[in-house]
Amino acid sequence: MDFYHVDASPPDGTPAILLEPFEPYDHTQLTAILPQLTFSSSYRPYPWMSLYATGFFGQTTAQSQFGAFAPEFTGSYYHQLNELEEIGVKCNLLNNRFFLALSVYNQTGFVPAFVLPSGITPTVSATVRGFQIQGSYQPCKQLWINFGYNHIDGFENWSSDPIGPTVNQPYSTRVAALYHLPVDPIVSLAPGLYPFPGFPSNYANWIATYKMDNGFGISLWAIAETGQWLGFNYALRTPSWYTLNGRLFYTARRWEASLWIYNLTNNHYLLAGGAGFIPAASLDYDYAALQMPFWIQETLQIFF
């Protein structure tokens with residue numbers, strides 16, 4: 001349980017024009033009690049299988065997003081429900097050589113939002129849900145393999161707000177200069193459900209490492225993501241991408257030397273600059289960036 005007591009007043013000398021944006025900034029007091037509940041349970045039907053369920057239900061405040069207080073924040077902003085539910089299964093197979101975990105999850109909470117022209121909406125409800133698979137396999141002491149996959153569905157719920165998310169400039173500044181377009185126009189969309197821009201729906205990774213008894217070893221790994229929408233108008237999406245990477249290394253008792261090789265296929269791909277929600281995602285058209293091509297890095301670690 002969290003307890004809040006706020007006693008706030010404008011600083012001395014505050015200009016009068018700043019004291020009445022939506023309601024007067026007078027001396028304000030507020031007290032809030034926020035309950036929280038966490039639960040977890042597990043069941044082992046077989047020696048090699050474990051089932052589990054975990055969850056969290058609790059209230060938080062808009063100030064947990066912003067670290068500030070304002071009289072415009074009504075009582076509802078101090079009782080914002082956050083919840084997480086996850087159920088899954090973990091398996092230990094092939095005589096402790098193969099571990100596999102599968103789970104589904106749902107998380108709902110509140111994320112920062114722009115201040116809207118028709119009033120104050122500092123946060124908006126958001127949900128992330130999906131399922132994931134994680135595994136590791138070690139057939140012998142020299143070789144081990146790890147892999148994972150996550151399907152993610154994230155969206156903001158603007159259905160109960162007067163208007164939808166605010167978006168900025170649906171084209172690059174270069175295009176604006178070329179065609180004499182206005183720069184950074186602010187547009188408010190209609191209420192509704194809006195999937196996260198800059199947010200991959202599918203993510204997968206795989207890594208295999210082989211280390212010989214003499215200290216030499218090699219690792220190979222791959223990362224892949226599906227494309228990402230760059231704005232709440234869903235007019236442009238980055239392509240799906242992958243990278244293949246490698247590492248050659250030698251490990252001694254007191255030191256380790258590695259040669260890292262990234263993006264072996266020199267794959268050209270883009271990532272959104274503001275993954276997830278407003279306000280960062282509203283600027284993805286400006287910040288989507290080409291990622292690193294093929295490159296090499298050397299490292300030397302000394303153990304004390």
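Residues numbered from 1 in each chain as written. Predicted model: local features only at pLDDT ≥ 70, side-chain atom pairs only at ≥ 80, totals over all residues. Heavy atoms only, no water.

Participant: Which residues make up the overall build of the chain, and what values go with them?
Facilitator: Scanning the chain for helices and strands turns up three helices and 18 strands. In the chain, buried positions account for 35% of the 304 residues. Sequence-distant contacts in the chain: of pairs separated by 6 or more residues, those separated by 24 or more amount to 60%. Looking at the chain as shown, the accessible area adds up to about 17800 Å², and 62% of this sits on carbon and sulfur atoms. (Helix = DSSP H or I, 4+ residues; strand = E, 2+ residues; numbered from the N terminus. Buried < 20%, exposed > 50% of the residue type's maximum accessible area, 1.4 Å probe, protein only. Contact = heavy atoms within 4.5 Å. Areas by Shrake-Rupley, 256 points an atom, 1.4 Å probe, with all protein chains shown as cover.)

Participant: Residues and numbers for the nonpolar core, please.
Facilitator: Formed by Val-111, Ala-113, Val-124, Ala-126, Trp-158, Val-167, Leu-189, Tyr-194, Phe-196 and Phe-232, the largest nonpolar core amounts to 10 residues. Of all hydrophobic cores here, the second largest spans eight residues; its members include Ala-32, Leu-34, Tyr-77 and Tyr-78. (Core = buried A, V, L, I, M, F, W, Y, C linked by side-chain atoms within 4.5 Å.)

Participant: I'd love a proper account of the confidence of the model for the chain, names of residues and values included.
Facilitator: In the predicted model, the chain carries a mean pLDDT of 85, and the fraction of residues at 70 or more is 84%. Mean pLDDT per element in the chain: helix H1 (residues 63–66) is the minimum at 56, and strand E12 (residues 202–211) is the maximum at 97. (pLDDT = per-residue confidence, 0-100.)

Participant: Outline a nonpolar patch on the surface, supporting the account with residue identities and numerical values.
Facilitator: Together, Trp-206, Tyr-210, Met-212, Phe-216, Ile-218, Leu-220, Tyr-242, Leu-244, Leu-248, Leu-264, Phe-294 and Ile-296 line one region of the surface with nonpolar side chains, adding up to about 1100 Å² of accessible area. Counting only elements with at least two residues in the nonpolar patch, the list comes to E12, strand E13 (216–225) and strand E14 (241–251). With respect to the element layout, Leu-220 can be found in strand E13. (Patch = residues over 30% accessible without salt bridge, like charges linked within 9 Å, V, L, I, M, F, W, Y side chains within 5 Å. Salt bridge = Lys/Arg side-chain N within 4 Å of Asp/Glu carboxyl O.)

Participant: Residues and numbers for the packing of aromatic side chains, please.
Facilitator: Evaluation of the coordinates by the stated rule reveals 15 aromatic pairs. Both rings, one in Phe-39 and one in Phe-57, keep their centres 6.3 Å apart while their planes meet at 15°; by these two values the pair is stacked. Taken together, the residues span a long stretch of sequence, with Phe-39 in strand E3 (residues 36–46) and Phe-57 in strand E4 (residues 49–60) at a distance of 18 residues. Its relative accessible area of 36% is what places Phe-39 among the partly exposed residues. Among the aromatic side chains, those forming a connected cluster through ring pairs are Trp-221, Trp-260, Tyr-262 and Trp-295. Above the face of the Tyr-52 ring, Lys-90 is positioned so that its terminal group lies 5.3 Å from the ring centre. (Phe/Tyr/Trp six-rings, centres within 6.5 Å; stacked < 30°, edge-to-face > 60°. Lys NZ or Arg CZ within 6 Å of the ring centre and 35° of its normal.)

Participant: Can you explain the environment of Thr-31? Please cite residues and give values.
Facilitator: Tracing the chain through its elements places Thr-31 in strand E2 (residues 28–34). Considering only alpha carbons, one finds Thr-31 and Tyr-78, 47 residues apart in sequence, at a separation of 9.2 Å. Excluding anything up to four places from it in sequence, Thr-31 contacts Phe-3, Tyr-4 and His-5. Within the structure, the side chain of Thr-31 is placed 2.9 Å from the side chain of His-5, a separation counted as a polar contact. (Polar contact = N/O pair within 3.5 Å; in protein donor to acceptor, adjacent residues only side chain to side chain.)

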